[in-house]
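Secondary and tertiary structure notes
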Number of protein chains: 2
Amino acid sequence: MASAIRVAPTKAARAMSLLRTVQYTHPPSCPCHGNPSHHHHHKPSNSLLSHAKRNLQRNYATPVDLSRQKEYAFEMAASSIRFGPGVTKEVGMDFKNMGAKRVCVVTDSTVKHLNAMKQVQEGLDQEGIDYIVYDGVRVEPKDTSIKEAIAFVKPYAPDAFLAVGGGSVIDTAKLMNLYTCYPNADFLDFVNAPLGKGLPIDKPLLPLIAVPTTAGTGSETTGSAIFDLASARAKTGVAHRALKPTLGICDPLNTRTMPSAVHASSGLDVLCHSLESWTAIPYNERIPRPQNPINRPAYQGANPISDIFSLQALRSTVKYLPRAVRDPDDHEAQSEMLLAATLAGVGFGNAGVHLCHGMSYPVSGQNRGYKHTGYNVPYPIIPHGVSVAVTAPAVFRFTGATNPERHLAAAEAFGVDISNVKRESAGEVLSEAIAKFLEELGDQPRGLKDLGFGKEHIDELVEGTIPQKRVLMLAPGLAEELGEEREQLRKLFEESLVH
Amino acid sequence: MASAIRVAPTKAARAMSLLRTVQYTHPPSCPCHGNPSHHHHHKPSNSLLSHAKRNLQRNYATPVDLSRQKEYAFEMAASSIRFGPGVTKEVGMDFKNMGAKRVCVVTDSTVKHLNAMKQVQEGLDQEGIDYIVYDGVRVEPKDTSIKEAIAFVKPYAPDAFLAVGGGSVIDTAKLMNLYTCYPNADFLDFVNAPLGKGLPIDKPLLPLIAVPTTAGTGSETTGSAIFDLASARAKTGVAHRALKPTLGICDPLNTRTMPSAVHASSGLDVLCHSLESWTAIPYNERIPRPQNPINRPAYQGANPISDIFSLQALRSTVKYLPRAVRDPDDHEAQSEMLLAATLAGVGFGNAGVHLCHGMSYPVSGQNRGYKHTGYNVPYPIIPHGVSVAVTAPAVFRFTGATNPERHLAAAEAFGVDISNVKRESAGEVLSEAIAKFLEELGDQPRGLKDLGFGKEHIDELVEGTIPQKRVLMLAPGLAEELGEEREQLRKLFEESLVH
């Protein structure tokens, strides 16, 4: 019944590989493959064989420039997610089930006093699991703070990680895990190019369980970790699927402690994650197509699976964020926002973000002294979600023309009646819907001016945005030519002064 | 900045654990937790502390029957998915990237001749990876065929698996992987109770990449493997998250070879996966709540994340399945059906299926000689999708009253104008929409009579359904009392004779 074919690879087989790669390479000019959406309009009836032949002929005539080839596939990866009020405590059993014996618990000096940490510690104690607590995570981590965290954990030699906190905590834990598994790597080896070498992570890391205590970053589902690289005075990070947590434990009881202002700003991060991933360039317009799947970026552009998550997260955020901000006892809205943050995390974690996020990094990094209402910290702060949302009205007015249908669908999610809106107005209509939403949310700046920026700061903001290649490459409508790109960014910042 | 707390678990800590478990146990009678949907109607403002106290008091008064506790959490797990025309070949690089050196390729005698296998073998050859091919998979596998497959692979001692084929192939590969990793386990150890012991899988298995060649089972994303247990004359299987493939490679070029009849029947499987998971009892009505997360079943009941996938898959199937069946050159529709099958896989893989699937097993197992049009095989066959869909009109008429909103939403996905439909008619309206859809699809039986069953066979069909506890427990409206359940099933089969 069963037959076995044993194959030892031959040199000839390997020699054939390059030729085959060329044969099966569909140049972007091929109508059937360069633009799959084309299939909506015609049905290619050519057989694969004749197709390959045609390509072969073309390839002989004009060699394919691999660096200009468009992507033809997308990959969807996400952490497993467990969701429920009170699930935090199960984490002890999870580590026991996976055989972990030495867990490094990562948190910050605020969260360590909260109920989430109490539940975590009780869960670990119940199962008799040895653990160490690192509570030195810096909010908005820097390379230096991450290096300190790595140096701290190395002597303990953990066999698993547990992050309890917001995005800063989870991101720091991801990098502690990475550099524990690659003890001899240079810190810049895995950091996104061009600031780092952008090497792919080529082996599995230790198990990491993430317990978010804010409803914002979605970091519990994603393979990215963001920090400030002090030497370059820029936000950058590491992004690779291998970095994603093994399990995200989303416990609505853990976000009840957020002050109203934190609900608002972390919710605005969710809003922009969903809007940006929904409107990012399609995956099959991204250039170049990776020659090895390990090089397919986590931020791939919009794709049919990320779309489902992003649009659902957008609808939930529009519905529940205002309630979560207004009423600290509205636990349903808070719970829905935690779910929305996670859904948006799966969406942008596989599709990416673009202009709002790219422009936000210099906005928060070049803060001229603004301190956001409701943040009781002894230093100036523009919360991440605020810095992201402040450019959103200008950004989506700009991107509207690239894909009016998607911008109209987003406007509809805000409750706009789009039945009589013209395609040319899609960006404007979405822009207005966002501005209205921000105003009604309350305590939000009406533009960069309210954050202390003026016309005179725009050049510096633009120069701080340019290095964010990884997200800018997904921005629809942004010019490839640097001079033109600079001009577009300048205009976006100008329009964001007051909206 | 960083402080370290090292904790060695004490006996006292462990002794406290039972008490704490009781303290944090919310009995189903608690209005805030037994039924989270209750939160839509009121907002509990009690603090956690007073809440815990109240429960404690209640627990002293009436001891909690843990076996009757409702679930309070859900878990979403799915394989990573890569989707694109031509991606099959990347699999060689994937194995190389993960360091695999000896791959067991699992397929069947038909698929081994198809282009998918050619691409796979070329991909492996290019990377110089040693592999063995097992092509003895039986369509609709039996325990005996799976044991043969396991015996075949053991001496090869693979470090990874690759499944190329439909659900039967992928399921067989999952079980080959499982029993290769547990070489001393008894075959029934992991098989679903009550037929097997239903032990949880407590360690990671070898990497498994699945390349589906049909658009139906969604097995590339799920943690379940189904087979016939000859001794019990029943369908059963193994279901655990650990069984899910590492990666599903969905290549629309691989489903182009399906004959029209296979498009139809595998598409009907997708239709029922989405309908059943969408209407399954909610996760928080499932009993009992597991005392350890490793015992939380993969089939958990409908939950907010599975809902997104199930409804999207339903909409796509209604839109694209008729096109895919009618026109073999409609590659867009075929591609969308492959995506829908995968989305439905994520949906039902985390939520479960219920009556259509539970009743389908005796229907196909007790086939009295029917051979489906378009299947060129030398023996009688009721394709899985056909046996599943044949009871759908009766099933959803029956379940309609349990959740009219969901049944109306499903009817709307079929294009029914539900604006004037009464809630009481939800089941009837959905039932009619499904019957119409089946009729228009063509070549489908108009009930069990067309498949060769009569009234006289119903008792046997009912008795063949009763053991399908794992899916029947998710059926909304089905009685717990065996006599009543039997009566309900009898009526469902009777109504399915002609629809």
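Residues numbered from 1 in each chain as written. Chains lettered and ligands numbered in written order. Predicted model: local features only at pLDDT ≥ 70, side-chain atom pairs only at ≥ 80, totals over all residues. Heavy atoms only, no water.

**Things to note about the overall build of chain A**
Our working rule: Numbered from the N terminus, helices here are DSSP runs of H or I no shorter than four residues, and strands are runs of E no shorter than two. We call a residue buried when its accessible area falls under 20% of the maximum for its residue type, exposed when it is over 50%, and partly exposed in between, using a 1.4 Å probe and counting protein chains only. Where accessible areas are quoted, they stem from the Shrake-Rupley method and a 1.4 Å probe; at the residue level, only the protein chains shown are allowed to cover.
A tally of helices and strands in chain A yields 17 helices and 10 strands. The buried share among the 499 residues of chain A stands at 61%. With the model as given, the accessible surface of chain A reaches about 18700 Å², and the carbon-plus-sulfur share is 54%.

**A look at the confidence of the model for chain A**
Residues and elements named next belong to chain A. Applicable threshold: In predicted models, pLDDT denotes the confidence assigned by the predictor to each residue on a 0 to 100 scale. Contacts were defined at the residue level, with two residues in contact if any of their heavy atoms lie within 4.5 Å.
For chain A, per-residue confidence averages 88 on the pLDDT scale, and residues scoring 70 or more make up 87% of the total. Every residue in residues 1-61 is under pLDDT 50, and counting partners more than four places away or in other chains gives 91 contacts. Two numbers describe this predicted complex: its pTM, 0.86, and its ipTM, 0.85.

**What to know about the UniProt feature "domain: Fe-containing alcohol dehydrogenase-like C-terminal" (unreviewed entry) in chain A**
The following threshold applies: UniProt positions are given in the numbering used here, feature names are shortened, and annotations may be inferred rather than shown by experiment.
What UniProt calls "domain: Fe-containing alcohol dehydrogenase-like C-terminal" (unreviewed entry) maps, in this numbering, to residues 301-472 of chain A. Strand forms 0% of residues 301-472 of chain A and helix 62%; the C-alpha atoms that close the span are 11 Å apart.

**Structural notes on the pattern of salt bridges**
As a reminder, the rule being used: Any Lys or Arg side-chain nitrogen located within 4 Å of an Asp or Glu carboxyl oxygen qualifies as a salt bridge.
Counting across every chain of the model gives 56 salt bridges over all chains. A salt bridge links R82 of chain A to E90 of chain A; the shortest N-O distance between them is 3.0 Å. Take R82 of chain A and E90 of chain A: they sit in the same class, and that class is buried. For E440 of chain B, the salt bridge goes to K436 of chain B, with nearest N and O atoms at 3.7 Å. Remark: K436 of chain B and E440 of chain B occur in helix α14 (residues 426-441); sequence separation between them is four residues, near one turn of the helix.

**Things to note about the packing of aromatic side chains**
Convention followed: Between rings of Phe, Tyr and Trp, where Trp is taken as its six-membered ring, a pair exists when centres lie within 6.5 Å; planes separated by under 30 degrees are stacked, by over 60 edge-to-face, and by other angles tilted. Geometrically, a charge over a ring is one whose NZ (Lys) or CZ (Arg) sits within 6 Å of the ring centre while staying within 35 degrees of the ring normal.
As enumerated under the stated definition, the model contains 19 aromatic pairs over all chains in all. Ring centres of F74 of chain A and Y283 of chain A lie 5.0 Å apart, and the angle between their planes is 65°; on these two criteria the pair is classed as edge-to-face. On the criterion of sequence distance, the pair formed by F74 of chain A in strand β2 (residues 74-76) and Y283 of chain A in the loop between α7 (260-279) and α8 (304-326) is long-range, its members being 209 residues apart. The pair formed by F74 of chain A and Y283 of chain A is uniform in burial state, with each residue classed as buried. Considering the side-chain rings of F83 of chain A and F74 of chain B, the 5.7 Å spacing of their centres and the 25° angle between planes classify their relative orientation as stacked. In this pair, F83 of chain A sits in strand β3 (residues 80-83) while F74 of chain B sits in strand β2 (residues 74-76), so the two residues belong to two different chains. Joined through ring pairs, the aromatic side chains of Y179, Y182, F187, F190 and F227 of chain A make up one cluster. Over the face of the ring belonging to Y182 of chain A we find K203 of chain A, whose NZ or CZ atom lies 4.4 Å from the ring centre. The positively charged end of R406 of chain A is found above the aromatic ring belonging to W278 of chain A, 4.2 Å away from the centroid.

**Considering the UniProt feature "domain: Alcohol dehydrogenase iron-type/glycerol dehydrogenase GldA" (unreviewed entry) in chain A**
Mapped onto the present numbering, the UniProt feature "domain: Alcohol dehydrogenase iron-type/glycerol dehydrogenase GldA" (unreviewed entry) falls at residues 79-252 of chain A. Helix makes up 26% of residues 79-252 of chain A and strand 24%, and the two end C-alpha atoms of the span are 18 Å apart.

**What to know about the side chain of D135 of chain A**
Under the convention used in this document: Any N or O atom pair separated by 3.5 Å or less is treated as a polar contact, with the protein-specific requirement of one donor-capable and one acceptor-capable atom, and with residues adjacent in sequence counted only for side-chain atom pairs.
Residue position: D135 of chain A is located in the loop between β5 (130-134) and α5 (143-153). Separated by 2.7 Å, the side chains of D135 of chain A and K112 of chain A make a polar contact.

**A look at the packing of helix α10 (residues 355-365) of chain A against helix α17 (residues 482-495) of chain A**
Residue and element names in this part refer to chain A. Rules: Note on geometry: axes are lines fitted to C-alpha atoms, helical ones only across the stretch in contact, with angles between N-to-C directions running from 0 to 180 degrees. Comment on the angle field: the value is read as roughly parallel under 35 degrees, roughly antiparallel over 145, roughly perpendicular from 65 to 115, and oblique elsewhere. Think of it as three bins: nonpolar holds Ala, Val, Leu, Ile, Met, Phe, Trp, Tyr, Cys and Pro, charged holds Asp, Glu, Lys and Arg, and polar takes everything else, Gly as well.
Where α10 contacts α17, the axes come no closer than 12 Å and their chain directions differ by 75°. If you check the angle between α10 and α17, you find them roughly perpendicular. Where α10 abuts α17, its residues L355, M359, P362 and V363 lie against L489, L492 and F493. In terms of residue class, the contact of α10 with α17 is built from seven nonpolar, no polar and no charged.

**Quick notes on unusual backbone geometry**
All names here are of chain A. Geometrically, the link from I287 to P288 is a cis peptide bond, its omega value of -5° lying close to zero. Note that P288 resides in the loop between α7 and α8. Residues other than glycine seldom take positive phi values, yet E140 does so here, at roughly 55°. Structurally, the position occupied by E140 is in the loop between β5 and α5. Note on E140: relative accessible area 28%, which makes it partly exposed. The backbone phi angle of D443 is positive, close to 60°, even though this residue is not glycine. Tracing the backbone through its elements, the reader meets D443 in the loop between α14 (426-441) and α15 (458-465).

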